[in-house]
Amino acid sequence: MKGVVFVEFLEMVEAQFSPEMADDIIDASDLPSGGAYTSVGTYSHGEMVALVGALSERTGTPAPTLIRAFGEFLFERFHVHHGDFFHGIDDSLDFLERIEDVIHVQVRKLYPNAELPRFEIERPDPDHLRMLYRSDRHMGDLAEGLIRQCIAHFGTPVVIERHDLDDKGGLVRFELSRVQSEMLTFE
Ligand code: HEM
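Conventions used here
Residues numbered from 1 in each chain as written. Predicted model: local features only at pLDDT ≥ 70, side-chain atom pairs only at ≥ 80, totals over all residues. Heavy atoms only, no water. Pairing = 2+ DSSP bridges. Helix = DSSP H or I, 4+ residues; strand = E, 2+ residues; numbered from the N terminus. Salt bridge = Lys/Arg side-chain N within 4 Å of Asp/Glu carboxyl O. Buried < 20%, exposed > 50% of the residue type's maximum accessible area, 1.4 Å probe, protein only. Donors = N, O, S within 2.8 Å, 3.2 Å for Na, K, Ca; no water. Domains from an automatic or database assignment. Contact = heavy atoms within 4.5 Å. Buried area = accessible area lost by both parts, 1.4 Å probe.

1. Some remarks on the pairing of strand β4 (residues 171–178)
Reasoning step 1: The sheet contact formed by strand β2 (residues 128–134) and β4 spans seven bridges and is antiparallel. The partner of Leu132 across the bridge, within β4, is Arg173.
Reasoning step 2: Pairing of strand β3 (residues 158–164) with β4, which is carried by seven bridges, proceeds in the antiparallel orientation. Across the sheet, residue Asp164 finds its bridge partner in β4, namely Val172.
Reasoning step 3: Between β3 and β4, which pair antiparallel and follow one another directly, the connecting turn spans six residues, one of which, Gly169, has a positive phi of 75°.

So, in structure tokens, the structure goes:
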């Protein structure tokens, strides 16, 4: 897993908990890297699992909830650092439709040994998108957080249905449906 993901994770921990919490989970996790990450370095995915586990123990928040929250944070960081991918796009489904064939293809050029998931994408009509996520790193929760923040970012209401097709978050189907604003009721 690329160092950029670890750097952003520790930024989130510092911002949402404290710098001491970030140091504490690094110390507790007995990491081969020692926790000194550089963006372009590559580290074992097991280090992320250990850090999230240590944070979960200390905060009492379940690991999947923490990973989803990290996905939401990470999306906005991608927006800051990779603004190019957003040019000319003003819709969450249009953005997400490009994840496999455009965005992660470019990511692979920027980070040659990135371990990226596979997405099979279907766009049956402009208001619906189906994404089948598949990864040996079982980060379906991270994918969900990224998708949720993408929708929040672009602002048009979209409903997400998540179907776990295995029991470890390595094969997940997301069904996204745009909701017409006149169908939303505010009470
Ligand atoms: C500007 C947009 C994006 C950029 C620059 C980007 C970049 C990256 C990078 C650098 C990694 C780390 C690869 C590694 O650790 O070796 C990654 C992993 C990942 N990306 Fe993206 N990504 C973007 C958008 C998204 C979106 C919208 C989704 C969800 C639909 C997504 C899903 C994932 C997941 C789940 C992983 C974790 C690795 C795995 O599951 O195997 N990414 N991405």
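2. Looking at the pattern of salt bridges
Reasoning step 1: Across all of its chains, the model carries 18 salt bridges by this definition.
Reasoning step 2: Between Glu144 and Arg148 there is a salt bridge, with the nearest N and O atoms lying 2.9 Å from each other. On the criterion of helical spacing, the pair formed by Glu144 and Arg148 is a turn pair, its members being four residues apart in helix α7 (residues 140–154).
Reasoning step 3: A relative accessible area of 36% means that Arg148 is categorised as partly exposed.
Reasoning step 4: The network of salt bridges with shared partners includes Arg68, Asp141, Glu144, Arg148, Arg162 and Asp164.

3. Regarding the coordination of the iron atom of the ligand
Reasoning step 1: Looking at the protein side alone, the iron atom of the ligand has one donor only, His104 (NE2), at 2.2 Å.
Reasoning step 2: Take His104: it is sitting in helix α6 (residues 99–110).

4. Digging into the domain arrangement of the protein
Reasoning step 1: Considered domain by domain, the protein is made up of domain 1 (3–61) and domain 2 (90–183).
Reasoning step 2: Taking only C-alpha atoms into account, the centre of domain 1 sits 25 Å from that of domain 2.
Reasoning step 3: Each partner contributes residues to the interface: domain 1 has five residues there, and domain 2 has four residues.
Reasoning step 4: Summed over the three residues of domain 1 that lose the most area to domain 2, namely Val4, Thr42 and His45, the buried surface amounts to 70% of that side.

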